[in-house]
Amino acid sequence: MLFRKFSLLIYALLILIPLVVVLLTSVKTLQETFRDPLGLPDGGFKFDNYVAIFQEQTMAGYFLNSTIVTLFSVSFTLLLAAMVAFGITRMNNWIGNVLFAVFTLGMMVPAQVIMVPLYSLMLDLGLTNSLLGLILVNISSTLPIAVFILTGFMKTLPKELFEASTIDGAGNWKMFTKVAIPLSLPSISATAIFLFVMHWNDLLYPLLFITDNAYKTLPLALLEFQGQYSTNYPMLFTGVIIASAPMVIAYVFLQRYFVAGITAGAVKG
Amino acid sequence: MRISKSIYLFFLPGLVLYSLFFLYPTISALFYSFTDWDGLSTAFQFVGIDNYTRAFTGDSIFQKTIGNNLKFMLTVVVFQTLVALAFALIVIKNTKTNVFLRALYFFPTILSSVSVAFIWAFIYDPSMGILNQVLELIGLDFLAQNWLGNSNIAIYSLAITQVWFHAGQMLIIFVAGLQAIPEELYEVAKIEGASKWQTFKSVTWPLLAPSATIVVAYTTIQSFKAFDLVFAMTGGGPNNSTEIIATYIYDVAFKSYQFGYASAISIIFMVIIALITYLQFKALRSDRVSY
């Protein structure tokens, strides 16, 4: 029993200590960090790093880019995936099955496999250094998993609900918005959380397609801070905190949903 | 019941995007893998299977990369699965403390790879890093290392970071699997006087097999896709000792502009992933248990 509690504590500390160190380091100066990397800052917390990072970097711009890309990518992935899932569920025949197979095939192919031809395609289409370009690629890369999860869910909905609305004279679109979407909300919101985390944190696509500071998202900007600040960990960690803040805050409040949503994405992906 | 033809419109936007930004690049990767395209010029030549021959026989870095990927994968799969399972068994009951601990262990999953890379760069830092300081504190300073700079151990340092990053998520999958095992089976085992180990061996483990398969398969694929983490922590160095297939594709394509060759490696990469996924599906089928 004691051994179990001890192990739990050790694991908890392995997670907590690095996080506390990140927080503490962000309110220390570089000299203090060199002198005593793990100690408290002398003379209280200083928020100079936070001020400096906003002065030296276009942080607000990166933040805005990440927000725009994430919001559009998540909502359009969900909308398009829900439409496809609805189509497959309603058709319920071999065409639907083939389309389902075509879409879910995408789950097997890692983004890194297509990065080379995708890069030249984006170049040809003039979609590099563009938030729209990032959003379009994001949508198509997460469509497979979203189609997979939402189709799985919609197929469990009782058919009678759809049939009943047909008798009422509802067309496909009305059936989609009035029946399929509302009933699938639990699955849609779980998928939404999974997608939020994924798109907010994505590095590969911005790394491939964005070179202009005006369009960089937080993970890419953060990566490049390493080049500028080298081992200036107070600055790097200030960046880490700002970039992670939205997800961390959301996690604190919606923890249960995060755990369920992300795990469902992992299991089904 | 007849369904109106307008149902096809529901596929249209998704299918257009997916075909353009996914299917088309996938097929062109196959096409370019038989060429010597440099990614910039419009002219290129067909070189048959030369790129593939080169990958398997003439490119020692690629072969090293496969080895690195295997080291990374095996370390992550073994440690991550053991840690996740061991801790899942302890925090299985939904008490307040356990729910809190699960959420804490899960926490790193929501961070970006770049953030995790920075945190662990600080932990591994040879001069002011937490790890070396702790080792010194407990009198094990002879173990202190340049964790990411030593080409013999850097890949394992990265693997440990990956475990820290994702073990919590696997733990949740195990907890879900464990909670699905009917309580009565444990009661029966208890009545029959089974020891703890016997209970684990004959009740828990067989019924946990589907979750274990998911965890192992997911972890395996995840470790092939650990591009972000490796890229941000070591960039494949020192001396290509942490280069994995994904980062190598990036280097070949975007640093030495051999798009044709990079495409061939991409196709090999895709075949490896498809093989693992196929084995995963097969294992899941055969592991299905009935009570």
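Residues numbered from 1 in each chain as written. Chains lettered and ligands numbered in written order. Predicted model: local features only at pLDDT ≥ 70, side-chain atom pairs only at ≥ 80, totals over all residues.

A.B. asks: Looking at this structure, I do not really get the overall build of chain B. What am I missing?
C.D. replies: A count of helical and extended segments in chain B gives twelve helices and zero strands. Secondary structure of chain B in N-to-C order comes out as α-α-α-α-α-α-α-α-α-α-α-α. For chain B, the spread of C-alpha atoms along the principal axes amounts to about 75 × 75 × 35 Å. Going through the 291 residues of chain B one by one, you find that 42% of them count as buried. The long-range share in chain B, meaning contacts at least 24 apart out of those at least 6 apart in sequence, stands at 71%. (Helix = DSSP H or I, 4+ residues; strand = E, 2+ residues; numbered from the N terminus. Buried ≥ 20, exposed ≤ 12 C-beta atoms within 10 Å, placed from the backbone. Contact = placed C-beta atoms within 7 Å.)

A.B. asks: What's the story with the interface of chain B and chain A in this structure? I'm lost.
C.D. replies: In many reports, interface size means the accessible area that the parts give up when they come together. Contacts between chain B and chain A engage 67 residues on the former and 71 residues on the latter. Of the residues in the side of chain B that touches chain A, the class split is 49 nonpolar, 15 polar and three charged. (Nonpolar A, V, L, I, M, F, W, Y, C, P; charged D, E, K, R; others polar.)

A.B. asks: What exactly am I supposed to notice about the UniProt feature "transmembrane region" (unreviewed entry) in chain A here?
C.D. replies: Residue and element names in this part refer to chain A. Under the UniProt annotation, the feature "transmembrane region" (unreviewed entry) is placed at residues 62–86, 98–119, 131–154, 175–198 and 233–254. Taken end to end, residues 62–86 has its terminal C-alpha atoms 36 Å apart, with 100% of it in helix and 0% in strand. Overall, residues 131–154 shows 100% helix and 0% strand. The separation of its end C-alpha atoms is 32 Å. (UniProt positions renumbered as here; feature names shortened; annotations may be inferred.)

A.B. asks: Is there a simple way to explain the domain arrangement of chain A in this structure?
C.D. replies: All names here are of chain A. Along its sequence, chain A is organised into domain 1 (2–46) and domain 2 (59–268). Inter-centroid distance (C-alpha atoms) of domain 1 to domain 2 is 34 Å. Domain 1 puts seven residues into the contact, and the matching count from domain 2 is seven residues. Among the secondary structure elements, those contributing two or more residues to the side of domain 1 that touches domain 2 are helix H1 (2–26) and helix H2 (30–35). Top element by residues in the side of domain 1 that touches domain 2 is H1. It accounts for three residues. Its residues placed into classes, the side of domain 1 that touches domain 2 shows two nonpolar, four polar and one charged. (Domains from an automatic or database assignment.)

A.B. asks: So what exactly am I meant to see when it comes to the packing of helix H7 (residues 131–154) of chain A against helix H9 (residues 172–201) of chain A here?
C.D. replies: All names here are of chain A. Here H7 crosses H9 at 145 degrees, and the two axes come no closer than 10 Å. Remark: the crossing between H7 and H9 carries right-handed chirality. Residues Asn138, Thr142, Ala146, Ile149, Leu150, Phe153 and Met154 of H7 touch H9, and the partners they reach there are Ala180, Ser184, Ser187, Ile188, Thr191, Leu195, Met198 and His199. When grouped by side-chain class, the residues that make up the contact of H7 with H9 number nine nonpolar, six polar and no charged. (Axes fitted to C-alpha atoms, helices over the stretch in contact; angles between N-to-C directions. Left-handed = near helix turned anticlockwise from the far one by under 90°.)

A.B. asks: Where do I start with the packing of helix H3 (residues 60–90) of chain B against helix H9 (residues 196–224) of chain B in this structure?
C.D. replies: Think of two packed helices as two axes; the pair is described by the angle between the axes and how far apart they sit. All names here are of chain B. Where H3 contacts H9, the axes come no closer than 9 Å and their chain directions differ by 140 degrees. The way H3 lies across H9 gives a crossing that is right-handed. Across the interface between the two elements, Asn69, Phe72, Met73, Val76, Val77, Gln80, Thr81 and Ala84 from H3 touch Val215, Val216, Thr219, Thr220, Ser223 and Phe224 from H9.

A.B. asks: Would you mind showing me how to read H7 of chain A here?
C.D. replies: Helical geometry: 3.6 residues make up each α-helical turn, so side chains three or four residues apart lie on a common side. Of all the bends in H7 of chain A, the greatest reaches close to 45 degrees and is centred on Leu143 of chain A; the proline Pro144 of chain A follows between one and four positions later. Most of H7 of chain A sits out of view: 22 of its 24 residues are buried. (Bend = angle between axes of the 7 residues up to and from the residue.)

A.B. asks: Explanation requested: the UniProt feature "domain: ABC transmembrane type-1" (unreviewed entry) in chain A in the structure shown.
C.D. replies: Within this structure's numbering, the places UniProt gives as "domain: ABC transmembrane type-1" (unreviewed entry) are residues 63–254 of chain A. The span residues 63–254 of chain A is 80% helical and 0% strand by assignment, and the distance between its end C-alpha atoms comes to 21 Å.

A.B. asks: So what exactly am I meant to see when it comes to the environment of Val20 of chain A here?
C.D. replies: When you line up the elements, Val20 of chain A lands in helix H1. With 58 residues separating them in the primary sequence, Val20 of chain A and Leu78 of chain A have C-alpha atoms 36 Å apart.

A.B. asks: What is the right way to read helix H5 (residues 94–105) of chain A from this model?
C.D. replies: Look at H5 of chain A: 16 Å from first C-alpha to last across twelve residues, which is about the 16 Å you get at 1.5 Å a residue. Residues of H5 of chain A that are buried include every one of Leu99, Phe100 and Phe103 of chain A, and no others. Taken around the axis of H5 of chain A, the buried residues stretch over an arc of 105 degrees, which confines them to a single face. Across H5 of chain A from its buried face, at more than 90 degrees, point the exposed residues Trp94, Asn97, Val98 and Ala101 of chain A. Taken together, the buried residues of H5 of chain A touch helix H4 (59–91) and H7 of chain A together with helix H1 (12–32) of chain B. (Expected span 1.5 Å × (residues − 1). Arc of directions from axis to C-beta.)

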